Amino acid sequence: MSSADRFPASFYGEPGVLGLLANGISAFLVLLQNFNGARTGVPPHGVEHILAGVHLILIGGVCQLLAALLSFRKYDHLSGTSFVGYAALWSSYGATRIFMGASSPPSGNLSSANASLEITEWLSPPISQSAIAGLIPYILLSFILAFCSATVNYIMPFGFGAITGALVFEAVGLVGRWGLVVSGVLELLILFFAIYGSAALLIKGVSQRYVLKGFGNPLFNVLLLGTANSSSSQGLGQEKKKNTKYAEPMALGFFCDTVSPFIFAFYCFGYVPSFAVGAVWVSIISGAQLFSSYYSYLRQDCYHTTKFGLHCTYWLVKSWEEFVLSVLMGKQVPAGTREAMVGDWFFVAAAVIICVVSLNMDTLELLHNSLFLLLTVSTISQIPLGGYYIFFGVSCSLFTALSLYSTFARLVNSIAEKSLILVGPQPISTARLQGALAVLRRCMGNVWQQAPAGCMASELPDALFYLTNGLAALSAVHASQPNPSFLHLTVPWVLISGAVIQAYVSRLQVQGGRRFGSVIPSFYTAIWATWTWYRFAGYLLDISAGSAYGFAAGAIAFLVANGFLMLIAAYGNLVLLALTTMMEVILVCFLLSTFGRLPYQLEIAMLAIFSIICLYGALASSVNCIFSNDLMPTGPPVFKDEKKNKAEPPLPCPVADSRVTSGLLSIAQLLDQGGVCGIPTDTVYALAASCKNPKAIEKIYNIKDRPAEKPVCICISRVEQLVVAKPPFSPLLWEFMRNVYPGGISCIVPKGEWLFQLGVGPAYGHVGTKDSIMIRVPDHTVTVHLCDITGPLAITSANPSGEPDSTHHDMVVTRLGHKIQGVLCDGESNEVVASTVVNCLKIDEGTISILREGCVPAIKVMQIFERVKNSML
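Residues numbered from 1 in each chain as written. Predicted model: local features only at pLDDT ≥ 70, side-chain atom pairs only at ≥ 80, totals over all residues. Heavy atoms only, no water.

Draft legend 1. Geometry of the overall build of the protein. From N to C terminus, the protein includes 29 helices and ten strands. Classification of the 873 residues of the protein by burial places 59% in the buried group. Here the analysis covers contacts within the protein between residues at least 6 apart in sequence; of these, 76% occur between residues at least 24 apart. Taken as a whole, the protein presents about 33900 Å² of accessible surface, with 65% of it coming from carbon and sulfur. (Helix = DSSP H or I, 4+ residues; strand = E, 2+ residues; numbered from the N terminus. Buried < 20%, exposed > 50% of the residue type's maximum accessible area, 1.4 Å probe, protein only. Contact = heavy atoms within 4.5 Å. Areas by Shrake-Rupley, 256 points an atom, 1.4 Å probe, with all protein chains shown as cover.)

Put into structure tokens, the structure is as follows:
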């Protein structure tokens, strides 16, 4: 397969080095302040706080976030979740230090003192109360991270445990100075563990083996936490292929859903009268939640992309609404102001959609979505303020408790890759839910025909696109003469959902290769930002009549550009066309408002209809994308692309569909006849030749321009085939192979006459080396069935030698189709890299070596080996 130097550097790098050092240095910065305050008796203030805050944000926040992103790419669930969480913690704590520095009384002139007094009043009450409200959920989550890390190694649990203790005494230190001394001691331990852990990982990355102790062996086996329960498997609901390109971000999403409601609960129950600092803490952790949505998108997970994107929007909107209400308005709201806001109702409807599409998942997921629905109901603006905060506070408390448990359950289950922690069974089977949703399609079958193949299908970010636009539109509804308080409160609703989050959706469209499709969300981002600027912030900014004509010119430009977007939508589906058409009418209303001739009743009606279209679009896109089936109609395109109907040039080789039996049999026949074919595996696509045909194996070398000294490996369907061949393997090797097969690991074992019993036959001299052979048992149904039909296959990666691996059947056809006899098409690969190669020739001496780290991390292979070896003692 492809050489090691062709893999991305981030795959072989050790982002844990950067993450641990970021934690250690951040703790050291706080340690210096704490010890200096204890020694001098003078607490830090002013510039000291500001500089410390900036350094915490840059080192503990930005640097650690980079480590987290690389960890997600390395399929490291624990490090990815931990580093993003701690990056949010240090950034929030750094922002709090900046607030403290800005509110410290200066020693300069009177004007500076007056400015500081204004800032202090703006930030009142004491900042420490807000910081405590933010630290407590991080203490609980840090404890969970420390506990879970004990199932991976025995350095991180002590480091994360020290962080947990330091946070406890940092919170105590905000009300009693003695707590900072104890916190400083614990921060010194954090620095020690960070230096040792980063050194161990750095040496391991350089030497490709563990030199310093601490990594490679857990404190205890994660399997001790529970027993796998097939009835509560996480994978039951969506029935998707296992995706190991990126670590699972679900635990991170629930992590964020723990912090935000906890801060709100403190605020709602009156412990924190002002939400100035709280808004910053919630904004930072909501940004972290956006990363969980982003990595869900990269994993082709429409459900969590939409869910975490919606939750992020909700927390951002509510936090800045409370900031405006408590800080800028002093909670003095004129009668009827909040009652006129209707954006909360869209959140309720969106929460119902998320509940519907999660009915076939586990009980924990449905319960979590149900509590989020309760949360959205509790924040309906028509509820009187007296009962509003009690209802909201109780809902936040319940949601926090369930999110905390969900974080623990998802993280442990992700690490174990089994459902060890109880998440409950499926409330409704996938088949029943699909059948129920298909009823709507049958009811609307006479109205909307099924969209033909080739038209714009539902894509991953489409549901979030509809939700952000619908929320912005419904939030923009207002009476003809809104009071200034209403305008203040509405700004975050329209700006955050319509501009900020939609800019993120546009980025997802570009990430997915839909650069033309990203035009619509990008354009609507500009529309809602301009709408907020003129219609809501215009009064506050005192925009003159002359400036209004400038907005009129912009509105005309928007109208013309949206006309072209309507043309694009006409090639898509009826829902998108209806949405762009309604936007055209809404832009006409915007233009009329710049001339002071706005018919408010027409605008309210158009915004309401626009929101309803968005709700249906969000539901249809979610259902169709999650189930990979056109269950809910979005309507056919008005215009059809005639170019797609033209005959395509013939393919350079025969192709077969892996989903049909005839396709599998046709490729098996080609292999039996001495052909070389491209086939899917549980990692990347491979070239295969039957071991019954030695000349076909020789062809592989010519097809790939592969050096003769690089042997190909043998692929079999199951370990039991090896047992029948009776190779002289030791009990330790047998047990190790049973633990790693099937999967993305290739084991190099001693070669011998037993290969003839396996069916290798005349290919004996063409596979492996003189003394060893590499065996693959893929975790892929199609490949296993093919091996059952043809017998053992000689395989190697389907790419010209020295070039990147093929991760889609189109890549195989394009690059090698003119040289091979056929391709078995199975879509996109589950992996972006090849298998991990393990040398087991010296396993009886108690050692194995990693010749190439592939889709299965080396640390995981070593953990399996140590566990097996210890079990054999």
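Draft legend 2. Main features of a nonpolar patch on the surface. A cluster of nonpolar side chains, contributed by Ile50, Val54, Leu58 and Val62, occupies part of the molecular surface with about 300 Å² of accessible area. By the secondary structure assignment, Leu58 is in helix α3 (residues 47-73). (Patch = residues over 30% accessible without salt bridge, like charges linked within 9 Å, V, L, I, M, F, W, Y side chains within 5 Å. Salt bridge = Lys/Arg side-chain N within 4 Å of Asp/Glu carboxyl O.)

Draft legend 3. Up close: the state of the cysteines. Counting across every chain of the model gives zero disulfides. The thiol of Cys825 is unpaired, and the distance to the nearest cysteine sulfur, on Cys653, comes to 8.0 Å. Judged by its relative accessible area of 14%, Cys825 is buried. (Disulfide = S-S within 2.5 Å.)

Draft legend 4. The arrangement of the nonpolar core in detail. In terms of nonpolar packing, the biggest core is built from 179 residues, with Tyr138, Tyr524, Trp528 and Phe610 touching the most fellow members. In this structure, Tyr138 is in contact with Gly85, Ala88, Leu89, Ser92, Leu167, Phe255, Val259, Trp281 and Ile285, ignoring residues within four places of it in sequence. Trp754, Cys855, Ile864 and Phe865 belong to the second largest nonpolar core, which has 59 residues in total. (Core = buried A, V, L, I, M, F, W, Y, C linked by side-chain atoms within 4.5 Å.)

Draft legend 5. How the structure looks around the side chain of Ser593. With respect to the helices and strands, the residue Ser593 is situated in helix α20 (residues 574-594). For Ser593, a relative accessible area of 12% corresponds to the buried category. Of note is the side chain of Ser593, whose polar atom sits 2.5 Å from the backbone oxygen of Phe590. In contact with Ser593, not counting residues within four places along its chain, are Tyr534, Arg535 and Leu598. (Polar contact = N/O pair within 3.5 Å; in protein donor to acceptor, adjacent residues only side chain to side chain.)

Draft legend 6. Geometry of the pattern of salt bridges. One pass over the full model with this rule turns up 14 salt bridges. Of the charged contacts in the structure, one is a salt bridge between Asp657 and Arg659, with a shortest N-O distance of 3.2 Å. For Asp657, a relative accessible area of 27% translates into the label partly exposed. Judged by relative accessible area, Arg659 falls into the exposed class, the value being 74%. Among the ionic pairs, Glu866 bridges to Lys869, the shortest N-O distance being 3.6 Å.

Draft legend 7. Main features of the sheet that holds strand β4 (residues 713-715). An order of β1-β8-β2-β3-β7-β4-β6-β5-β9-β10 is seen for the ten strands of this open sheet, with the pairing classed as mixed. Edge positions in the open sheet fall to β1 (655-657) and β10 (849-852), since each of these has one partner strand only. Taking each pair of neighbouring strands and ignoring which way they run, the sheet shows an average axis angle of 35°. Across the face of the sheet, helix α25 (residues 731-740) comes into contact with β5 (745-750) and β9 (836-839) while running at roughly 160° to β5. Lying over the sheet, helix α28 (residues 809-816) contacts β1, β2 (677-679), β3 (686-690) and β8 (822-825), oriented at roughly 170° with respect to β8. (Pairing = 2+ DSSP bridges. Axes fitted to C-alpha atoms, helices over the stretch in contact; angles between N-to-C directions.)

Draft legend 8. Spotlight on unusual backbone geometry. Between Tyr741 and Pro742 the backbone carries a cis peptide bond, its omega angle lying at -10°. Here Pro742 lies in the loop between α25 and β5. Residues other than glycine seldom take positive phi values, yet Gln300 does so here, at roughly 60°. For Gln300, the position within the fold is in the loop between α10 (276-298) and α11 (302-328). Given a relative accessible area of 42%, Gln300 falls into the partly exposed group. Unlike most non-glycine residues, Lys726 shows phi in positive territory, near 55°. Considering the arrangement of structural elements, one finds Lys726 in the loop between α24 (719-725) and α25. Among the residues examined, Lys726 registers a relative accessible area of 70% and is labelled exposed.

Draft legend 9. Structural detail: the packing of aromatic side chains. The tally for this structure, following the rule as stated, stands at 39 aromatic pairs. Seen in terms of ring centroids, Tyr534 and Phe551 are 4.8 Å apart; in terms of plane orientation they differ by 35°. Their pairing is tilted. Of the two residues, Tyr534 sits in helix α18 (residues 519-541) while Phe551 sits in helix α19 (residues 545-570), which places them 17 residues apart along the sequence. Pair check on accessibility: Tyr534 and Phe551 agree, each one buried. Site record: aromatic cluster; members linked through ring pairs are Phe264, Tyr267, Phe275, Tyr314, Trp315, Phe347, Phe372, Tyr388, Tyr389, Phe392, Phe399 and Trp493. (Phe/Tyr/Trp six-rings, centres within 6.5 Å; stacked < 30°, edge-to-face > 60°.)

Draft legend 10. Expanded view of the pairing of β3. Along β3, five of the five residues are buried, which leaves the element largely enclosed by surrounding structure. The alternating pattern of β3 places Ala686, Ala688 and Ser690 and Leu687 and Ala689 on opposite faces, both of which are buried. Summarising the sheet, β2 and β3 pair through three bridges and their orientation is antiparallel. Paired with Ile679 across the strands is Ala686, a residue of β3. Where β2 hands over to β3, the hairpin turn is made up of six residues, counted between the paired strands.

Draft legend 11. Spotlight on empty space enclosed by the protein. Under the counting rule described, the total for this entry stands at four cavities of 30 Å³ or more. Considering the residues around the largest cavity, the lining is formed by Leu20, Asn23, Gly24, Ile155, Met156, Gly159, Phe160, Ile163, Ile190, Phe193 and Ala194. Counting residues per element, the ones that place at least two in the lining of the largest cavity are α2 (15-40), α7 (156-173) and α8 (178-207). Tallying contributions element by element places α7 first for the lining of the largest cavity, with four residues. Grouping the amino acids of the lining of the largest cavity by side-chain chemistry returns eight nonpolar, three polar and no charged. (1 Å grid on protein atoms, 1.4 Å probe; cavity = no way out; pocket = protein on both sides within 12 Å on 5 of 7 lines; lining within 4 Å. Points joined across faces, edges and corners; volume = space filled by probe spheres on them. Nonpolar A, V, L, I, M, F, W, Y, C, P; charged D, E, K, R; others polar.)

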